[in-house]
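# Commentary on secondary and tertiary structure
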Amino acid sequence: MGQVAAHEADAEEAHEERGKVTITEIARRAGVSVPTVSRVVNGRSDVAPGTRARVEDLLRRHGYRKRASAAGTRAALLDLVFNDLDSPWAVEIIRGVEEVAHAAGVGTVVSAIHGRSGDAREWMQNLRARASDGVILVTSVLEPVLHEELRILGVPIVVVDPAGSPALNAPTIGAANWSGGMAATEHLLSLGHRRIGLVAGPPRLLCSRARLDGYRAALEGAGIAVDESLIVPGDFYHESGFTGCNALLDLREPPTAIFAASDQMALGVIEALRRRGLRVPEDMSVVGFDDLPEVRWSAPPLTTVRQPLAEMGKLAVRTVLRLARDEQPDSPRVELGTELVVRASTAPPQKAG
C-alpha cells in the first residue's frame, strides 16, 4: 500500500513538473506569500536573496511556466477596496493612491463591496486570480472567514480609516478625528455660540465616535454641559444632514450653530436652512469635516476641518509596498493631523431682539 501511495505521489509530482503547478502551490511549499512568488516570477528585485533562491528552485523543479500577458509580463498590482464609491471622499483617497502607485510603476484595481458578503467573496476570488502585491482596505468590514483567507494568501494589507478595532493584524492609517472634532467645536465656542448642534456620523465607525468625543470634550472644557438633544444621528451623506438639521430646528430651543461630522452632511444642513428661509452664517453657523474640493464653492464657502485624504492614500501605498518588500512600517498605527479651515459659513450668533 505504501508503494502505491509513493507511486501516486511520484505521478503527481511528475504531473506538476510538466508545468501544471500553480503560484499558490509554489508559495505554500516555499513558505512565502503568493505576491512574493509573483515578484520572483516577474523578475522583480524586491525579494530577499535567500527567499528568491528557494522560490526559483521550486519553480525550476516543477517546470512552472508563466502565463504571458498581452504585453508579455504581468504588471505589479495593488487592490484598493472601499465599502462604497459614491462619495467625493473616496475620490480624494483614490487620487492619492494613484499618484504614488503610478510613480512606483504599480497598477491599481479599485473595488467596492457595498457591505455585502457576496460582493466581498467575489472580490476575494478575483484577488486570488490576479495575485496582487498588496491590499488597501478603506473603511471596509470583511467577514472573519475572509480575514482568514487573506491571512492564508499572505498578501500585505493596510487599513485606511479603520471602521472599528482592526480584526486584521495590519497597519492602519487614519486622521486625528478627535482633535478635529474638538477644533470645530472650539471655533464655534470662540465666536460666542453656546448651543451647538451636532449631526454625528455612523456610530459603528471609529472616526465618527472620535469626532463626537472631540465635540463633547470641547464643550466640557468650556464648562458647558452636553445637551444630548442637540446630538442627532447621520450617515455622512447629504440627506442625513438635511434631516438632522430639521430635527435640530424643531427643538423648543434650537442651536445657534451646527457642526456636521462630514462636508456632505454640512451641505445638507445648509440646504435645510435655505428651505426654512434661514441664512448662513447670519442665522446659523455651520462647520463641516473633510474639506472636499466642492465646499470651497458652496454658498457660502464652508468652514470645515481638513482631513488629509489624499495624503492618507499616498501613505497607504508607501506602507503596503514596504510590507511587500518584507520591510516593517515605522508605526503600526498612524494618525495624520487635521486642520481647521475658516471660511464664510461661521460668525458670532445674532443677539436676541
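In what follows, the accompanying structure is described.

## Here we look at the sheet that holds strand β9 (residues 285-290)
- What the six strands build is an open sheet, ordered β7-β6-β8-β9-β10-β12; its pairing is mixed. Every other strand in the sheet has two partners, leaving β7 (231-232) and β12 (339-341) as the edge strands with one partner each.
- Both strand β8 (residues 257-260) and β9 contribute to a ladder of three bridges, which runs parallel. Each residue of the ladder has a partner; that of F259, found in β9, is V287.
- Strands β6 (196-199), β8, β9, β10 (303-306) and β12 of the sheet are contacted by helix α8 (residues 177-190), whose axis makes an angle of about 165 degrees with β9.
- The strands touched by helix α10 (residues 238-249) are β6, β7 and β8; relative to β6, the strand with the most contacts, the crossing angle is about 150 degrees.

## With respect to α10
- The end-to-end C-alpha distance of α10, which contains 12 residues, comes to 17 Å, matching closely the 16 Å that a straight helix rising 1.5 Å per residue would cover.
- Of all the residues in α10, the buried ones are S240, G241, G244, C245, N246, L248 and L249.
- Against the buried residues of α10 lie β6, β7, β8 and α11 (263-275).

## Here's the deal with empty space enclosed by the protein
- Enumeration over the complete set of coordinates arrives at one cavity of 30 Å³ or more.
- Here the largest cavity is characterised by a volume of approximately 30 Å³.
- Lining the largest cavity, in full, are V34, P35, L127, R128, A131, S132, L153 and V155.
- Looking at the lining of the largest cavity, the elements that each hand over two or more residues are α3 (34-41) and α6 (117-130).

## A word on helix α4 (residues 49-61)
- For α4, spanning 13 residues, the distance from its first C-alpha to its last is 18 Å, which sits close to the expected 18 Å at 1.5 Å a residue.
- Buried-residue contacts for α4 involve α2 (23-30) and α3.
- Of the residues flanking the end of α4, it is G63, one or two places downstream, whose phi is positive at about 60 degrees.

## Some remarks on the nonpolar core
- Residues V199, Y215, F259, V269, L273 and V286 are the most contacted members of the largest nonpolar core, which totals 43 residues.
- Every residue in contact with V286, bar those within four places of it in the chain, is listed here: I258, A266, V269, I270, L273, V280, L302, T303, S345 and T346.
- V41, M124, L142 and L153 belong to the second-largest nonpolar core, a separate cluster that totals 30 residues.

## Brief notes about the pattern of salt bridges
- The tally for this structure, following the rule as stated, stands at 20 salt bridges.
- Between K314 and E99 there is a salt bridge whose closest N-O contact spans 3.5 Å. Separated by 215 residues along the polypeptide, K314 in helix α12 (residues 309-324) and E99 in helix α5 (residues 88-103) bring together distant segments of the chain.
- Among the residues examined, K314 registers a relative accessible area of 17% and is labelled buried.

## Quick notes on unusual backbone geometry
- Here the bond from V280 into P281 is cis, since omega is 5 degrees, no more than 30 degrees from zero.
- Mapping P281 onto the fold places it in the loop between α11 and β9.
- Between A299 and the following residue, P300, the backbone shows a cis peptide bond with an omega angle of 0 degrees.
- Along the chain, P300 turns up in the loop between β9 and β10.
- Not every positive phi belongs to a glycine, and D290 is a case in point at roughly 140 degrees.

## Remarks on the packing of α2 against α4
- Direction vectors running N to C along α2 and α4 enclose 130 degrees, while the axes themselves pass 10 Å from each other. Taken together, the axis directions place α2 and α4 in an arrangement best described as oblique. You can see that α2 and α4 cross each other, and the crossing is right-handed. Mapping the contact onto sequence places I26, R29 and A30 in α2 and R54, V55, L58 and L59 in α4.

## A word on the packing of α10 against α11
- Put simply, α10 and α11 touch, their axes get as near as 6 Å, and they point 50 degrees apart. Relative to α11, the element α10 is oriented oblique. In the crossing of α10 with α11, the sense of the turn from one axis to the other is right-handed. Residues H238, S240, G241, F242, C245, N246 and L249 of α10 lie in contact with α11, whose contacting residues are Q264, M265, L267, G268, V269, E271, A272, L273 and R275.

## Remarks on the layout of surface pockets
- Considered as a void within the structure, the largest pocket measures approximately 540 Å³ in volume.
- G154, V155, P156, I157 and N169 are the residues nearest the centre of the largest pocket, which is lined by 24 residues in total.
- Of all the secondary-structure elements, those providing two or more residues to the lining of the largest pocket are α3, α7 (144-153) and α12.
- Looking at the lining of the largest pocket element by element, the count peaks at four residues for α7.
- Classifying every residue of the lining of the largest pocket gives 13 nonpolar, six polar and five charged.

Reading the values: the criteria
- Residue indices follow the written sequence of each chain, beginning from 1 at its first position.
- Two thresholds apply to this predicted model, a pLDDT of at least 70 for residue-level local features and 80 or more for giving and counting side-chain atom pairs, whereas whole-chain, interface and lining totals are computed over all residues.
- Hydrogens and waters are ignored; side-chain quantities use all the structure's heavy atoms.
- A pair of strands is labelled paired if DSSP reports no fewer than 2 bridges between them.
- Secondary structure counts use DSSP, requiring at least four H or I residues in a row for a helix and at least two E residues in a row for a strand, with both numbered from the N terminus.
- Contacts were defined at the residue level, with two residues in contact if any of their heavy atoms lie within 4.5 Å.
- Inter-axis angles, ranging from 0 to 180 degrees, are taken between N-to-C directions of lines fitted to C-alpha atoms, where helices are fitted over the stretch in contact.
- For a helix, the expected span equals 1.5 Å multiplied by the residue count minus one.
- Accessible area is worked out with a 1.4 Å probe on protein chains only. A residue is then buried under 20% of its type maximum, exposed over 50%, and partly exposed in between.
- Note on definitions: the grid is 1 Å and covers protein atoms alone; a cavity is a set of points where a 1.4 Å probe fits but cannot get out; a pocket is an open set with protein on both sides within 12 Å along at least five of seven lines; lining residues have an atom within 4 Å of a point.
- Grid points are joined across faces, edges and corners, and a volume is the space filled by probe spheres set on the points.
- In plain words, nonpolar cores are sets of buried Ala, Val, Leu, Ile, Met, Phe, Trp, Tyr and Cys residues tied together by side-chain atoms within 4.5 Å.
- Whenever a carboxyl oxygen of Asp or Glu lies within 4 Å of a side-chain nitrogen of Lys or Arg, that contact is scored as a salt bridge.
- Geometric relationships in this document are graded by angle, where less than 35 degrees denotes roughly parallel, more than 145 denotes roughly antiparallel, 65 to 115 denotes roughly perpendicular, and other angles denote oblique.
- Left-handed describes a crossing whose near helix is turned anticlockwise from the far helix through less than a right angle; right-handed describes the clockwise counterpart.
- Any residue that is not Ala, Val, Leu, Ile, Met, Phe, Trp, Tyr, Cys, Pro, Asp, Glu, Lys or Arg is counted as polar, Gly included; the first ten are nonpolar and the last four charged.

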